[in-house]
Amino acid sequence: MKLSELLIGFHVLEVLGDPSIDVLGIASDSRRVERGSVFVAQVGTSVDGHSFIPQCVTQGAAAIVIEKKEYMPKSSDHIVYVLVESSDEALGKMAHIWYGSPSKRLKLVGVTGTNGKTTTATLLYRLFKSLGERVGLLSTVVNYVNDEAIPATHTTPDALSLNALLAQMVNAGCTYAF
């Protein structure tokens, strides 16, 4: 996929390099950066992803998405740098596009509130399964792609994990995700 295709739907402030390059993946965790991928540097509560840019360059990142202008180099021979207003927003939009916009191909049912969210979502998942639907479940306990259990590693999945799970649901023929 072209980097330029991933830069749609959010405010790009500046691009250094050729955005028509092909990219082979997206990572927001520097440990997962592979040759040809895009690294999205996010500012976390305890760690700033911008500090891992040199490591990602060494690992072969093809592009770096940043939200702090001071990390934009003066020139770059082989890596594309993209300055955005919000790395968090950019990652969400990029993941959505990378995985084929899976949320547009499912009927999503979100459950909010203080207590009972996991129970309610699980009951809906089981009800619709019993009605013969192919469905998915995202919860703090376990995720399901129809009958396949996938361990939940975080209370809330990050944008890449969420879109990957939704894409798995679409590929498995699911029509609903709870």
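All figures in this text were calculated on a predicted structure; none of them were measured in a lab.

(A) Representation of the nonpolar core within the structure. The biggest cluster of nonpolar side chains holds 18 residues, and the ones touching the most others in it are L3, I26, V38, V40, V65, V82 and M94. Here the element with the most residues in this core is helix α3 (residues 87-98); it accounts for four residues. Setting aside anything within four residues of it in sequence, one finds I26 in contact with L6, S37, V38, V40, L91, M94, A95, W98 and L160. Of all hydrophobic cores here, the second largest spans 14 residues; its members include F39, A61, M72 and Y81.

(B) Focus on the sheet that holds strand β1 (residues 12-16). Taken in spatial order, the five strands line up as β1-β5-β4-β3-β2 in an open sheet, and their pairing is mixed. Looking along the sheet, the strands with just one partner apiece sit at the ends: β1 and β2 (25-27). If you compare each strand with its neighbour and ignore which way they point, the axes differ by 20 degrees on average. In the sheet, strand β3 (residues 37-40) pairs with strand β4 (residues 63-66) via three bridges, with the strands oriented parallel. The residue of β4 that forms the bridge with V40 is V65.

(C) Molecular detail of helix α5 (residues 159-171). The terminal C-alpha atoms of α5, which comprises 13 residues, lie 18 Å apart, in line with the 18 Å expected from a rise of 1.5 Å per residue. Those residues of α5 that sit buried are L160, N163, L165, L166, A167, M169 and V170. With a side-chain oxygen lying 2.9 Å from the backbone nitrogen of L160, the N-terminal cap of α5 falls on D158. Following α5 by one or two positions, G173 adopts a phi angle in the positive range, close to 85 degrees.

(D) Representation of the packing of aromatic side chains within the structure. For the coordinates displayed, the defined rule picks out four aromatic pairs. For the ring pair Y125 and Y144, a centre distance of 5.1 Å and an interplane angle of 20 degrees mean the geometry is stacked. Residue Y125 is located in helix α4 (residues 117-130), and its partner Y144 is located in strand β8 (residues 142-145); the two are separated by 19 residues in the primary sequence. Here the aromatic rings of Y176 and F178 are separated by 6.1 Å at their centres, their planes lie at 5 degrees, and the arrangement is stacked. Exposure class is identical for Y176 and F178. Each is buried. Connected via pairs of aromatic rings, a cluster forms that spans F128, Y176 and F178.

(E) Summary view of α4. Look at α4: 20 Å from first C-alpha to last across 14 residues, which is about the 20 Å you get at 1.5 Å a residue. If you check which residues of α4 are buried, you get A121, T122, Y125 and F128. Burial along α4 is one-sided: seen end-on, the buried residues are contained in an arc of 135 degrees. Exposed residues pointing more than 90 degrees away from the buried face of α4 are listed as L123, R126 and S130.

(F) Broad picture of the side chain of S87. Following the sequence through the fold, S87 ends up in helix α3. Within the local environment of S87, its side chain forms a polar contact with the backbone oxygen of A41, the two atoms lying 2.8 Å apart. Apart from residues lying up to four places away in sequence, S87 is in contact with V40, A41, Q42, V65, I66 and E67.

Parameters and conventions
Residues numbered from 1 in each chain as written. Predicted model: local features only at pLDDT ≥ 70, side-chain atom pairs only at ≥ 80, totals over all residues. Heavy atoms only, no water. Core = buried A, V, L, I, M, F, W, Y, C linked by side-chain atoms within 4.5 Å. Buried < 20%, exposed > 50% of the residue type's maximum accessible area, 1.4 Å probe, protein only. Helix = DSSP H or I, 4+ residues; strand = E, 2+ residues; numbered from the N terminus. Contact = heavy atoms within 4.5 Å. Pairing = 2+ DSSP bridges. Axes fitted to C-alpha atoms, helices over the stretch in contact; angles between N-to-C directions. Expected span 1.5 Å × (residues − 1). Polar contact = N/O pair within 3.5 Å; in protein donor to acceptor, adjacent residues only side chain to side chain. Phe/Tyr/Trp six-rings, centres within 6.5 Å; stacked < 30°, edge-to-face > 60°. Arc of directions from axis to C-beta.

The values are spatial; any link to function lies outside them.
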